[in-house]
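# Overview (structure and organization)
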Amino acid sequence: MASILTLFLWLLSLSLSSAKSTVHQTTYIIRVKHDAKPSIFPTHKLWYESSLSSLTPNAPRTTTTSTRILHTYDTVFHGFSVRLSQTEVLILQTLPHIIAVIPERVRRVHTTRSPQFLGLKTTDSAGLLKESDFGSDLVIGVIDTGIWPERESFKDHDLGPVPSKWKGQCVTTSDFLATSCNKKLIGARFFSSGYEATNGKMNVSKEYPSPRDSDGHGTHTASIAAGRYVFPASTLGYARGVAAGMAPKARLAAYKVCWNAGCYDSDILAAFDAAVADGADVISLSVGGVVVPYHLDSIAIGAFGAMENGVFVSASAGNGGPGGLTVTNVAPWVTTVGAGTIDRDFPADMKLGNGKTISGVGFYGEPGLSPGRMYPVVYAGSEGGGDGYSSSLCLEGSLDPKFVKDKIVLCDRGINSRAQKGEVVKKAGGVGMILANGVFDGEGLVADCHVLPATSVGASGGDEIRKYISAASKSRSPPTATIVFKGTKLGVKPAPVVASFSARGPNPETPEILKPDVIAPGLNILAAWPDKIGPSGIASDKRRTEFNILSGTSMACPHVSGLAALLKAAHPDWSPAAIRSALMTTAYTVDNRGETMLDESTGNTSSLLDFGAGHVHPTKALDPGLIYDIREFDYVDFLCNSNYTMNNIQAITRKNADCSGARRAGHVGNLNYPSLSVVFQQYGKHKLSTHFIRSVTNVGGANSVYKVTVRPPSGTTVTVQPEKLVFRRIGQKLNFLVRVQTEAVKLSPGSSNVKSGSIVWSDGKHIVTSPLLVTMQQPL
């Protein structure tokens, strides 16, 4: 070790003797070998600081190495984060005890009726809520924008003592007192070093340097996962009823990592490290960004360490839909959640002067447009409205007040937020807004609480309104319209529908692992909201509400986090993979009309790439019959078969990888996942085939016989051996082999063809479904 340090110092002095303190620096996350620390240093942090002090021999005396280190990591990751120049990075990468130097990335948040919609009824004498005692001994760690602790959703009445395993803390500040935590909110911490290292000191007039939520997103997601029962609950009179999270008695710990400029990887990894060390059972992460290889993805790395410790990690799939290859947070040890609708809507129709009505959605609680009165209506992108493109999108400062004053204004979606468009129209003197989808958005609608009366319409509705405005403007009857708000509508059919914005597969990193895994309620979800933030999220919005209605895979993710806590409480011995398996194999793909779920963006039937295994069904997940379990070394075999190097694998797993067993595992698709996905590269071959090996564990009856039903994708032959699984005891594992054979199809270079099927095991009581996806690709 002494020779390593000598080499280290010699390299540094040689390479950095002329370095200047003004060199541009970026934040990096450094993975260090676990057992590399010299015994002369009592802590890893001192060793890191000693190493870094040599990186800046010419730095001013005021620069200290301890201020350079942003975070040290000890639980899910072994290493530290630090600001480095490119020269310093190159030096660190030469050192034998440095496994990986990972550049930091910035992530973004993926932004009452759902318990009933999911079949979670408090009056049932049995079922998931009763079996799990509403999740009372489980801890859900929410990594997000913080929390507003005073909300009724986070009260601790009738809760027992804090679980004895809990080792976390409630960080107190001037705006987050010790009394902010209780037996419900048992932990609250914040991580901002990575954010401030890039953006400078936080502006405390706009953000709270504490766990307190200044955005609303974290409060909303936390209450979806584990909010208490609150009645009455509504947003400006809409969605009246009882508000409740999925696991109403589960304990919450808030880890604030997201700030005005985003969520920084070094802070996210620190939150993972803290949550696992504190004793969280579930981690909920409604945050994401671009997909990168797993060894460069701090969320994937943090989630792997959590999984090793038995912690279930659910993450939002992202809001990049309806296009393909948009799904994020795709590591197979993470449960990736897309968004569906529920059977509740907020219709706000557009009535035009020609007598036609265009369906839309929205809600507005204040006295708005005068009933029965028709208002002049204009398209912001019309000649005279402004500068064309930017005015069509209602960007800041783009609208001519003379053109829009006292009128309803049609704005196109895109660039700025939907709520900001409403503010732009209001500032320019408009009295109402129509927000029209573009072609890419399709017909998917999100109800927003705008700062003025507004409704959202689909792409076809927007086209029809523009045509009406254009035609009427040339006639003697100028175009007019009004917005008719119809309140809250329940029992909507069809539902669920895959939300237009929900990110879709295939998995950009590993197409052999189907992502998203499942979908859950994510459209127009009522949940807790902070004081001091209007329901539109716009600073000029002075309205206040205890609950707000938001949409996004951000809202879907905590539904699954809460359900995972309930399942973990009911089955304490289940691994994170077992919980995910139970949710996936019992998911459903039909709506409340009994037909295959639709894709909101097109109105057509949706597919496995849209919803994964399907929509979660909590009561069935409690008793799935069979589970597909995955152990840590299975994931290592998966990484070996994915052609990751030993160093790459060590960066993810913290251990020296042994890839000798990976050949026995076969190929990437043989990870014991509840779904099956194969990608055939045609390369001129006529006949194509592959096989999957799967192992299922009996968690149903002691003496159970399961028979298989195969629904092959069209044009393929699928065989399963054996066709019958005979279990003699609970906990017994049995293997089966799935062989998929097909013939090449005619495709143009670079194109693909996707077909879906399923493999279903049943003992007459349980139905265990695995989706099967076959993709044919014609290489360029």
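Calculation rules
Residues numbered from 1 in each chain as written. Predicted model: local features only at pLDDT ≥ 70, side-chain atom pairs only at ≥ 80, totals over all residues. Heavy atoms only, no water. Helix = DSSP H or I, 4+ residues; strand = E, 2+ residues; numbered from the N terminus. Rg over C-alpha atoms; globule rule 2.2 N^0.38 Å. Areas by Shrake-Rupley, 256 points an atom, 1.4 Å probe, with all protein chains shown as cover. Lys, Arg positive; Asp, Glu negative; His and termini not counted. Charge placed at Lys NZ, Arg CZ, Asp CG, Glu CD. Salt bridge = Lys/Arg side-chain N within 4 Å of Asp/Glu carboxyl O. Buried < 20%, exposed > 50% of the residue type's maximum accessible area, 1.4 Å probe, protein only. Axes fitted to C-alpha atoms, helices over the stretch in contact; angles between N-to-C directions. Left-handed = near helix turned anticlockwise from the far one by under 90°. Contact = heavy atoms within 4.5 Å. Nonpolar A, V, L, I, M, F, W, Y, C, P; charged D, E, K, R; others polar. Disulfide = S-S within 2.5 Å. Phe/Tyr/Trp six-rings, centres within 6.5 Å; stacked < 30°, edge-to-face > 60°. Lys NZ or Arg CZ within 6 Å of the ring centre and 35° of its normal.

## A closer look at the overall build of the protein chain
Across its full length, the protein chain carries 21 helices and 37 strands. For the protein chain, whose C-alpha radius of gyration is 27 Å, the value lies close to the compact-globule estimate of 28 Å for 780 residues. Split by element, the accessible area of the protein chain, about 29900 Å² in all, is 52% carbon and sulfur. Distance between charge centroids for the protein chain: 2 Å, based on 76 positive and 63 negative side chains.

## Considering the pattern of salt bridges
Tallying each qualifying case throughout the model produces 27 salt bridges. Close ionic contact of Glu88 with Arg68 constitutes a salt bridge, the shortest N to O distance being 3.1 Å. Of this pair, Glu88 sits in helix H4 (residues 86-92) while Arg68 sits in helix H3 (residues 65-68), and the two are 20 residues apart along the sequence. The pair Glu88 / Arg68 is uniform in exposure class, with both members buried.

## Some points on the packing of helix H19 (residues 632-641) against helix H20 (residues 646-653)
Geometry of a packed helix pair, given as the angle between the helix axes and the separation of the axes. Where H19 contacts H20, the two axes come as close as 10 Å, and the packing angle between them is 145 degrees. Note that H19 runs across H20; the crossing there is right-handed. Contact residues: Val636, Leu639 and Cys640 in H19; Ile649, Ile652 and Thr653 in H20. Counted by class, the contact of H19 with H20 contains five nonpolar, one polar and no charged residues.

## Re the state of the cysteines
Enumeration over the complete set of coordinates arrives at four disulfides. The disulfide that involves Cys394 links it to Cys411, with 2.0 Å between the sulfurs. Because the sign of the S-S torsion sets the handedness, a value of about -80 degrees for the bond joining Cys394 and Cys411 places this disulfide among the left-handed ones. Of the two residues, Cys394 sits in the loop between helix H11 (389-392) and helix H12 (401-404) while Cys411 sits in strand S21 (residues 408-412), which places them 17 residues apart along the sequence. Note that Cys640 is cross-linked by a disulfide to Cys659, the S-S spacing being 1.9 Å. Every disulfide takes its handedness from the sign of the S-S torsion; for Cys640 and Cys659 that torsion is -80 degrees, giving left-handed. Of this pair, Cys640 sits in helix H19 while Cys659 is found in the loop between H20 and helix H21 (662-665), placing the two residues 19 residues apart along the sequence. You'll find Cys640 and Cys659 in the same group, each marked buried.

## What about the packing of aromatic side chains?
For the structure shown, the criterion picks out 20 aromatic pairs. Between the aromatic rings of Phe190 and Trp259, the centroid separation amounts to 6.4 Å while the plane-to-plane angle is 75 degrees, which identifies the pairing as edge-to-face. Of this pair, Phe190 sits in strand S7 (residues 185-190) while Trp259 sits in strand S11 (residues 258-259), placing them 69 residues apart in sequence. Relative accessible area serves as the criterion here: at 24%, Phe190 is assigned to the partly exposed category. Ring geometry for Tyr706 against Phe727: centres 5.9 Å apart, planes inclined by 90 degrees, an arrangement best described as edge-to-face. Of this pair, Tyr706 sits in strand S32 (residues 704-711) while Phe727 sits in strand S34 (residues 724-727); the two residues are 21 residues apart in sequence, bridging distant segments of the chain. The exposure classification of Tyr706 matches that of Phe727, with both residues buried. Chaining the aromatic ring pairs together yields one cluster made of Tyr294, Phe304, Trp333, Tyr635, Phe638 and Tyr644. In this arrangement the basic side chain of Arg466 is found over the ring face of Tyr379, its NZ or CZ atom lying 5.2 Å from the centre.

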